[in-house]
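A look at the structure
The primary structure of each chain is shown beneath.
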Amino acid sequence: MTIAIVGIGLIGGSMALALKESGYAQTIIGVDKQVEHVVKALELKLVDKVALLDDAINQSDLIILAVPVDGLLSLLPYVLDRIDKQIVIDVGSTKRPIVEAVKNHPNRRRFVATHPMAGTEYSGPEAAVQGLFTGKYNVICDAADSDSDAVATVKELYEAIGMKITEFDSTSHDVHTAYISHISHICSFALALTTLEKEKEANRIFELASSGFASTVRLAKSSPETWIPIFRQNRENILDVLDEYINNLLKFKGLMLSDSYEKFQSYLKEANDIQRILE
């Protein structure tokens, strides 16, 4: 199979590595509007060759769109306009706005909406890593709106790179990712800003930083160019989650102000239950 990957950053580049390593793809064609990304992808041997988008579409059996989600709103219809029987997938962290953008497209059924639940805080072709997807979940959304052969091929692709498959409707997907992914990034950005503001007064604060702090603010190193479009597209769900999160922070603050540490402890024990769910 010849696969075109549009957007050769962390996810696109890591998929290229995984697809080559698994033997699922015979040829990987890289497409990226940033020339330096194209040059680096060839240098790192993430792709076999590079091409302009229209040429890559014509040469490929399957096209993976790995660009920021705002870009997908125009890129996806453009690609669907130019395919014959090829399969098109996206790997975006939001789904409802994307599927809505092509719901009436004549080639809609050749598109499969996916979200591989994997990533790091780094970006660009240099961030591509082997094994990024192994053992992780990939979400296929609104599968009934895609051709059955396209869905079967996409499942085969993700299983070939070591992923487990689950299915959601796009609306549920966006609600769930607001809770388990998007809020984590917002909180990490906020904590980083809070600490950086304090560091202006006490420039030795980071001497005390340990692994707990590093793991909590790790996501604040993520690309704003990736995350602002996600926050914009999933705004309503994220605002709902933020309200709940802020209410919990205010509750904790109130308990400390009133010296209600026994009650505070009971809430922390309740929070410990997250360990059972994540195991």
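Refer to the structure presented above.
Residues numbered from 1 in each chain as written. Predicted model: local features only at pLDDT ≥ 70, side-chain atom pairs only at ≥ 80, totals over all residues. Heavy atoms only, no water.

**Focus on the pairing of strand β6 (residues 111–116)**
Burial within β6 is extensive, with six of its six residues counted as buried. On β6, burial covers both faces: Phe111, Ala113 and His115 on one face and Val112, Thr114 and Pro116 on the other are all buried. When strand β5 (residues 87–90) meets β6, the two strands line up parallel, connected through three bridges. From the neighbouring strand, Asp90 faces β6, where its bridge partner is Ala113. In the sheet, β6 pairs with strand β7 (residues 137–141) via four bridges, with the strands oriented antiparallel. Its bridge partner being in β7, Ala113 is matched across the sheet by Cys141. (Buried < 20%, exposed > 50% of the residue type's maximum accessible area, 1.4 Å probe, protein only. Helix = DSSP H or I, 4+ residues; strand = E, 2+ residues; numbered from the N terminus. Pairing = 2+ DSSP bridges.)

**What about the side chain of His173?**
Note on placement: His173 falls in helix α7 (residues 170–199). Overall, His173 belongs to the buried group, its relative accessible area being 2%. Engagement of the side chain of His173 in a polar contact is seen with the side chain of Asp174, the distance being 2.8 Å. Beyond its immediate sequence surroundings of up to four residues, His173 is in contact with Ser93, Thr94, Lys95, His115, Val139, Cys141 and Phe168. (Polar contact = N/O pair within 3.5 Å; in protein donor to acceptor, adjacent residues only side chain to side chain. Contact = heavy atoms within 4.5 Å.)

**Concerning the pattern of salt bridges**
Under the criterion given, the structure shown has 15 salt bridges. Of the charged contacts in the structure, one is a salt bridge between Glu100 and Arg96, with a shortest N-O distance of 2.6 Å. Of this pair, Glu100 and Arg96 both sit in helix α5 (residues 96–101), four residues apart, which is roughly one turn of that helix. Given the relative accessible area of 31%, Glu100 is considered partly exposed. Among the salt bridges present, the one from Arg235 reaches Glu236, with a minimum N-O distance of 2.3 Å. Sharing partners across several salt bridges, the network here consists of Arg109, Arg110, Asp147 and Asp149. (Salt bridge = Lys/Arg side-chain N within 4 Å of Asp/Glu carboxyl O.)

Note that every value here comes from positions in space, so none of it alone points to a role or purpose.
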